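Working through the structure, step by step
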Amino acid sequence: MLNGKRRELSHLQVTPALDAMGKKSVFLGKATKRDATARCLTSNADVGEVGAGAKMKLVVNMIMTSMLTAFSEGMALASSAGLQISDLLDVVDSGAIASPMFKLKGPLMDQGKYDPAFPLKHARKDINLALLLASQHGDSSSYCPVCMIAYTDLDLPVSAAASQQYLKAEAKGAADLDFSAVHQNYQESGKTELRNK
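Residues numbered from 1 in each chain as written. Predicted model: local features only at pLDDT ≥ 70, side-chain atom pairs only at ≥ 80, totals over all residues. Heavy atoms only, no water.

**Let's talk about the overall build of the protein**
Summing up its helical and strand segments, the protein has eight helices and zero strands in all. The burial tally for the protein puts 35% of its 197 residues in the buried class. The long-range share in the protein, meaning contacts at least 24 apart out of those at least 6 apart in sequence, stands at 56%. Within the structure as shown, the protein displays about 11800 Å² of accessible surface, and the carbon and sulfur contribution to it stands at 60%. (Helix = DSSP H or I, 4+ residues; strand = E, 2+ residues; numbered from the N terminus. Buried < 20%, exposed > 50% of the residue type's maximum accessible area, 1.4 Å probe, protein only. Contact = heavy atoms within 4.5 Å. Areas by Shrake-Rupley, 256 points an atom, 1.4 Å probe, with all protein chains shown as cover.)

**Comments concerning the side chain of Asn185**
Examined against the element boundaries, Asn185 turns out to sit in helix H8 (residues 184–187). Take Asn185: its relative accessible area is 3%, and that puts it in the buried class. A polar atom in the side chain of Asn185 sits 2.7 Å from the backbone oxygen of Gln165. Once you skip the residues sitting within four places of it in the chain, Asn185 turns out to touch Gln165, Lys168, Ala169 and Lys172. (Polar contact = N/O pair within 3.5 Å; in protein donor to acceptor, adjacent residues only side chain to side chain.)

**Side note on the pattern of salt bridges**
Inspection of every chain in the model, using the stated rule, returns six salt bridges. The partner of Lys57 in a salt bridge is Asp126, and the shortest N-O contact between them spans 2.8 Å. Here Lys57 is found in helix H3 (residues 52–80), whereas its partner Asp126 is found in helix H6 (residues 120–136), with 69 residues between them in sequence. Accessibility expressed as a relative area gives 41% for Lys57, which makes it partly exposed. In this structure Asp126 comes out as buried when scored by relative accessible area, which is 1%. Notably, a salt bridge pairs Lys121 with Asp176, separated by 2.6 Å at the nearest N-O pair. In this pair, Lys121 sits in helix H6 while Asp176 sits in the loop between helix H7 (157–174) and H8, placing the two residues 55 residues apart along the sequence. (Salt bridge = Lys/Arg side-chain N within 4 Å of Asp/Glu carboxyl O.)

**Notes on the nonpolar core**
In terms of nonpolar packing, the biggest core is built from 22 residues, with Leu68, Phe71, Leu120, Tyr166 and Phe179 touching the most fellow members. Listed by contribution, the elements that provide at least two residues to this core are H3, helix H4 (85–94), helix H5 (100–111), H6 and H7. When residues of this core are assigned to their parent elements, the largest contribution, five residues, is made by H3. In contact with Phe71, other than residues within four places in its own chain, are Leu89, Phe102, Gly106 and Met109. Of all hydrophobic cores here, the second largest spans five residues; its members include Leu58, Met62, Ala130 and Ala162. (Core = buried A, V, L, I, M, F, W, Y, C linked by side-chain atoms within 4.5 Å.)

**As for the environment of Arg124**
On the secondary structure map, Arg124 appears in helix H6. On the basis of relative accessibility, which here comes to 21%, the residue Arg124 falls in the partly exposed class. Taking the C-alpha atoms as reference points, Arg124 and Ala162, separated by 38 residues in sequence, lie 8.9 Å from one another. In this structure Arg124 touches Tyr166, Leu167 and Glu170, once residues within four positions along its chain are discounted.

Right, here's the structure in full:
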């Protein structure tokens, strides 16, 4: 974490590269008056106090990994139903669920190319940390009427199921491939080792 002029300089140096990759520059935590110049030059999101940025990262990565798992299932179903994946990608891209991630990852997944941009082992770690976070920050209003014990865990069954798919892919050898290699669970269920074409 950088403060003041060092933070401004870092953002000035890094923002063009992030913008070229289609990434959004994000400020984490509360800004100071000295950050005003950098705030004007980059897109930003003030996500709160110290630690909020790490929690936000976990939430975003949990959403991303769950989305990609569902997308993989859709691709597998389309393929097994005799539909062309290229047609599926076109339909998805033209509708309400269009996503830059689907547009980027879909064709690569269809070709079995998993050059790591975000290693699957890190995606699995983040989704599991998000599930742990949920167990600590749930709805405290739910309680057992018999024992009168309040529960604080937030149930996230979709993310829990996605986590199992990432664990399965990692066990098959995809840990160092891109997180989109979770798709191989649906395409090569009989194989024991994943590969990067």
